[in-house]
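Architecture at a glance
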Amino acid sequence: SQIQPFRTVMTIFNDDERSGRVLSAAAQAARATHKQLLVLLAATQAPDFQRRREQARHLLGQGPLLVTYQGVSAMELCFSQRILHDEGVGMMVIDAALAAANGTETRLAKLACSVLLVR
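Residues numbered from 1 in each chain as written. Predicted model: local features only at pLDDT ≥ 70, side-chain atom pairs only at ≥ 80, totals over all residues. Heavy atoms only, no water.

**Let's talk about the pairing of strand 1 (residues 8-13)**
With respect to burial, strand 1 is a largely interior element, six of its six residues being buried. The alternating pattern of strand 1 places Thr8, Met10 and Ile12 on one face and Val9, Thr11 and Phe13 on the opposite face, and all of these are buried. Where strand 1 and strand 2 (residues 36-42) come together, six bridges link them in parallel fashion. Considered in strand 2, the bridge of Ile12 is made with Leu40. For the segment spanning strand 1, helix 1 (residues 19-33) and strand 2, crossover handedness is right-handed. As paired strands, strand 1 and strand 4 (residues 89-95) are joined by four bridges and run parallel to one another. Of the residues in strand 4, the one forming a bridge with Val9 is Met91. (Buried < 20%, exposed > 50% of the residue type's maximum accessible area, 1.4 Å probe, protein only. Helix = DSSP H or I, 4+ residues; strand = E, 2+ residues; numbered from the N terminus. Pairing = 2+ DSSP bridges. Right-handed = clockwise from strand over helix to strand, strands pointing away.)

**Description of the sheet that holds strand 3 (residues 67-72)**
Backbone hydrogen bonds are what pair the strands of a sheet, in a parallel or an antiparallel way. Within the open sheet, the five strands sit side by side as 3-2-1-4-5. Their pairing is parallel. Each of the sheet's edge strands pairs with one partner strand only, and the pair in question is strand 3 and strand 5 (114-118). The mean inter-strand angle of the sheet, taken between neighbouring strand axes irrespective of direction, is 25 degrees. With six bridges joining them, strand 2 and strand 3 adopt parallel strand pairing. Opposite Leu41, over in strand 3, you have Gly71 as the bridge partner. Lying over the sheet, helix 1 contacts strand 1, strand 2, strand 4 and strand 5, oriented at roughly 175 degrees with respect to strand 1. Against the sheet, helix 2 (residues 46-60) contacts strand 1, strand 2 and strand 3, and its axis sits at roughly 150 degrees relative to strand 3. (Axes fitted to C-alpha atoms, helices over the stretch in contact; angles between N-to-C directions. Contact = heavy atoms within 4.5 Å.)

**With respect to unusual backbone geometry**
One non-glycine residue, His34, lies in positive phi territory at about 55 degrees. Structurally, the position occupied by His34 is in the loop between helix 1 and strand 2. With a relative accessible area of 72%, His34 lands in the exposed category.

That is the geometry; function is a separate question.
Shown next as structure tokens:
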């Protein structure tokens with residue numbers, strides 16, 4: 001099958017200490033491929049969203065990178081085909097521990113994009 005062109009690298013950012021490493025890896029992948037970065041924030045309430053967005057912005061620092069942030073509920077975190085399709089996601093960068101969580105690996109296998117696991 002032919003690899004489709006894509007415009008977005010996607011990752012998930014939440015409050016745990018591993019999220020920073022995952023965010024950094026996603027930013028590197030986006031810069032290396034000249035793509036935009038979509039950061040999903042596990043937050044449905046505005047204060048949580050704003051706090052996590054500021055944390056992510058701080059970790060990303062300054063640099064040539066187009067970043068967009070989207071708040072999502074835990075259930076739809078990284079498995080929303082709508083998000084993948086609408087945003088033109090071609091690569092997802094996630095924590096390997098999240099990928100190993102119950103049922104996650106099966107759902108990842110169904111996604112029509114590359115998945116980069118960060119250990």
